Amino acid sequence: MNDLHNLGVAELAALLQKKAVSAVELATRLLARLGGNPHQAFLSLDSEVTLAQARAADARIASGERSPLLGVPIAHKDIFVTQDFPTTAGSRMLEGYRSPFNATVVQRLGDAGMVTLGKLSCDEFAMGSANENVAVPAAKPQAVTNPWDIRRVPGGSSGGSAAAVAARLTPAATGTDTGGSIRQPAAFCGITGIKPTYGRASRYGMVAFASSLDQAGPMARSAEDCALLLSALCGPDPDRDSTSLDVPAEDFSLGLDRSLQGLRIGVPQEWWGNGMPCDWFPDMPVRRSEGLDASVQTAIEAALREYVRLGARLVPISLPRTELAIPVYYIIAPAEASSNLSRFDGVKFGHRAQHYADLADMYRKTRSEGFGEEVQRRIMIGTYVLSHGYYDAYYLQAQKIRRMIADDFQQAFEVCDLIAGPVAPTVAWTLGEHNDDPVANYLADIFTLPASLAGLPGMSLPVGFGAGGLPVGLQLIGPHLQEARLLNAAHRFQQATDWHLRRPPEV
Ligand code: GLN
């Protein structure tokens, strides 16, 4: 079995249960592939910890325990706090930090018997769309590269997670999605990822960026694998996260095979850059707006045609406030971030400036040294929009429009069961391409932000290749708590196609 690294979660679990391979063997094989840190995907490794966890999993298997994730390796985005590995959130502010406890998501996957390979690179405090904002190790921070083309970004902020799964360094990873950070890197790297409904997964121990938006979710190679992971990581956590929903954990693997006959897929007119194919909706006026890359559009169109072959029906819908999602998100997320990040003051934990004159100077220097440019930009914006005199004009206004965006979805779901469209307007861009233009990154979030603002579940699955031979992801968005419907739709697609099995060169 030389290609263990090419197997997914479900396949590995089956081998482990049959004792065809041990957790220790598997972990050892994967660790051996991490030498030299391919794609700079990992921020920390500790083979002793990994192997100890693998031995514990083997002991549970030997004692006859049957659990679908027992002994399967995983790696965690470095935004989840972990007892056994350092946690940086990609920031100098937390370099060297060790948490005294595990994030609930990490704990649950660990309890299910998953073996942690290490921690994965991410944009600093999950702010970014390219994994270029990573600021650690402070001595030499390195952007993560896209396994399909190392001159390209892997997407962000869960770029390390996406690159590691795509490069077959780990069968699965955790990610977090505040405005698209699971879906967009999954799309850029040709893997499958799902952001559940806001509140499905506990945020306890996830370093906070924007608390009303942050959500954890799995990134893997197939919908089937994502379903296994999601079933384990979701569930109420009332004592630790008051926003976690009081909805019992579900087994998302159960309904994967349901037929798609009659499924109504909503296609938002506003998302269709160069006009929707007129044979779909002959009566609809063709809308033209710039932005959606033609090669991405072609791949999305082909995917929708596949869904029609599978029995689904396409329904035109309208999400008229899509464009407003960008200004609304880039007010609300920084506002919440400015408040969340106030805890990094050099006193309780994390970085502290070495030389300072007085307390105010200590705060100033600590935060200037510890936070990178994008984080400081957002703290400034957030503080501004929350300040007296601007609160009503910006923050309050943004909250009102957020509500309207959520209402638009609710209306759309009266005529469709799920919504499909692109994840991002383009394929992965070139490293450094947006360096002097943070707004270019913000604009690329146009298709992922609306579902985030509405707290809806969303996923990305690979549906083809666009410009430069780079992967394209299809986004599926469902009504609240309808993750099972998304996973079912994605799984049926993956049974009929093989895009999710394609591997980057040299893997
Ligand atoms: N790209 C978005 C941002 O920079 C989303 C990030 C995220 O989902 N964590 O804020």
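To be clear, the structure that these remarks concern was listed above.
Rules behind the numbers
Residues numbered from 1 in each chain as written. Predicted model: local features only at pLDDT ≥ 70, side-chain atom pairs only at ≥ 80, totals over all residues. Heavy atoms only, no water. Helix = DSSP H or I, 4+ residues; strand = E, 2+ residues; numbered from the N terminus. Rg over C-alpha atoms; globule rule 2.2 N^0.38 Å. Areas by Shrake-Rupley, 256 points an atom, 1.4 Å probe, with all protein chains shown as cover. Lys, Arg positive; Asp, Glu negative; His and termini not counted. Charge placed at Lys NZ, Arg CZ, Asp CG, Glu CD. Core = buried A, V, L, I, M, F, W, Y, C linked by side-chain atoms within 4.5 Å. Buried < 20%, exposed > 50% of the residue type's maximum accessible area, 1.4 Å probe, protein only. Contact = heavy atoms within 4.5 Å. 1 Å grid on protein atoms, 1.4 Å probe; cavity = no way out; pocket = protein on both sides within 12 Å on 5 of 7 lines; lining within 4 Å. Points joined across faces, edges and corners; volume = space filled by probe spheres on them. Near = heavy atom within 4 Å. Polar contact = N/O pair within 3.5 Å; in protein donor to acceptor, adjacent residues only side chain to side chain. Sits in = over half its atoms within 2 Å of the grid points. Nonpolar A, V, L, I, M, F, W, Y, C, P; charged D, E, K, R; others polar. Phe/Tyr/Trp six-rings, centres within 6.5 Å; stacked < 30°, edge-to-face > 60°. Salt bridge = Lys/Arg side-chain N within 4 Å of Asp/Glu carboxyl O. Axes fitted to C-alpha atoms, helices over the stretch in contact; angles between N-to-C directions. Parallel < 35°, antiparallel > 145°, perpendicular 65-115°, else oblique. Left-handed = near helix turned anticlockwise from the far one by under 90°. Patch = residues over 30% accessible without salt bridge, like charges linked within 9 Å, V, L, I, M, F, W, Y side chains within 5 Å.

(A) Spatial organisation of the overall build of the protein chain. What the protein chain contains, in helices and strands, is 15 helices and 11 strands. The globule rule puts the C-alpha radius of gyration for 507 residues at 23 Å, and the 22 Å found for the protein chain is close to it. Overall, the C-alpha framework of the protein chain stretches about 70 × 65 × 45 Å when taken along its three principal axes. Surface summary for the protein chain: the accessible area is close to 19100 Å², and the carbon and sulfur share equals 52%. Side-chain charges in the protein chain split into 45 positive and 53 negative, and the spacing between the mean points of these groups amounts to 2 Å.

(B) Highlighting the nonpolar core. By size, the foremost hydrophobic cluster in this structure holds 146 residues, and its most contacted members are F125, Y307, L476 and L487. Ranked by the residues each element gives to this core, the list is headed by helix α9 (residues 325-340), at 10 residues. Excluding its chain neighbours within four sequence positions, the residues that come into contact with Y307 are L260, I265, A312, L461, L474, L476, A489, A490 and F493. A130, A428, W429 and A444 belong to the second largest nonpolar core, which has 7 residues in total.

(C) The layout of surface pockets, seen in detail. As a volume, the second largest pocket reaches approximately 420 Å³. Taken together, 18 residues make up the lining of the second largest pocket; nearest its centre are G205, M206, V207, A208 and R343.

(D) Local environment of the site of the ligand. Neighbouring the ligand are 15 residues, the closest being A126, G179, S181, Y329 and R378. Here a nitrogen atom of the ligand and a side-chain polar atom of S129 are 2.8 Å apart. Between the ligand and D445 there is a distance of 2.9 Å, counted from a nitrogen atom to a side-chain nitrogen or oxygen. Surface burial for the ligand is 99%, taken as the share of its 290 Å² of free accessible area covered by protein chains. Spatially, the ligand is embedded in the largest cavity. Class assignment of the residues belonging to the shell around the ligand gives a composition of 5 nonpolar, 7 polar and 3 charged.

(E) Molecular detail of empty space enclosed by the protein. Following the criterion strictly, the structure yields 5 cavities of 30 Å³ or more and no others. One number sums up the size of the largest cavity: a volume of about 100 Å³. Of the residues belonging to the lining of the largest cavity, the class tally is 6 nonpolar, 8 polar and 2 charged.

(F) Expanded view of the packing of aromatic side chains. Under the criterion given, the structure shown has 18 aromatic pairs. Aromatic side chains F101 and Y204 sit 5.0 Å apart centroid to centroid with 25° between the ring planes, which places their arrangement in the stacked category. You can see F101 sitting in the loop between β2 (73-77) and α4 (104-111) and its partner Y204 sitting in the loop between β5 (192-195) and β6 (215-220), a full 103 residues away along the chain. With a centroid separation of 6.4 Å and an interplanar angle of 20°, the aromatic rings of F409 and F413 are classed as stacked. There is no split in this pair, since F409 and F413 are both buried.

(G) Looking closely at the pattern of salt bridges. Following the criterion strictly, the structure yields 21 salt bridges and no others. In this structure, D407 and R403 form a salt bridge, with 3.2 Å as the shortest nitrogen-oxygen distance. Taken together, the positions of D407 and R403, both in helix α12 (residues 391-412) and 4 residues apart, correspond to about one turn of that helix. When its relative accessible area of 33% is taken as the criterion, D407 is described as partly exposed. Residues joined by salt bridges that share partners form a network here, namely E373, E374, R377 and R378.

(H) Molecular detail of the packing of helix α2 (residues 23-32) against helix α3 (residues 47-62). At a closest axis distance of 8 Å, the pairing of α2 and α3 adopts a crossing angle of 155°. On the basis of their axis angle, the class for α2 and α3 is roughly antiparallel. In this structure, α2 crosses over α3, and the sense of that crossing is right-handed. Here A23, V24, A27, T28 and L31 of α2 come into contact with α3, specifically with S47, T50, L51, A54, R55, A57 and D58. Residue classes in the contact of α2 with α3 are distributed as 7 nonpolar, 3 polar and 2 charged.

(I) Representation of a nonpolar patch on the surface. Taken together, the side chains of V347, L359 and Y363 present a nonpolar region at the surface, about 260 Å² in accessible area. The topology assignment puts V347 in the loop between α9 and α10 (359-370).

(J) Main features of the environment of L453. Mapped onto the elements, L453 comes out in helix α14 (residues 449-454). Between the C-alpha atom of L453 and that of D239, which follows or precedes it by 214 residues, the distance is 25 Å. Aside from chain neighbours lying at most four places away, what touches L453 is L213, A325, V328, Y329, R402 and I405.

(K) Molecular detail of unusual backbone geometry. Omega for the peptide link from V136 to P137 comes to -10°, which places this bond in the cis form. Tracing the sequence through the fold places P137 in the loop between β3 (115-120) and α5 (159-166). Of note, A89 is a non-glycine position whose phi angle comes to about 55°, a positive value. By the secondary structure assignment, A89 is in the loop between β2 and α4. Despite not being glycine, A126 shows a phi value in the positive range, around 65°. Turning to its location among the elements, A126 is positioned in the loop between β3 and α5. By relative accessible area, which is 5% here, A126 ends up buried.

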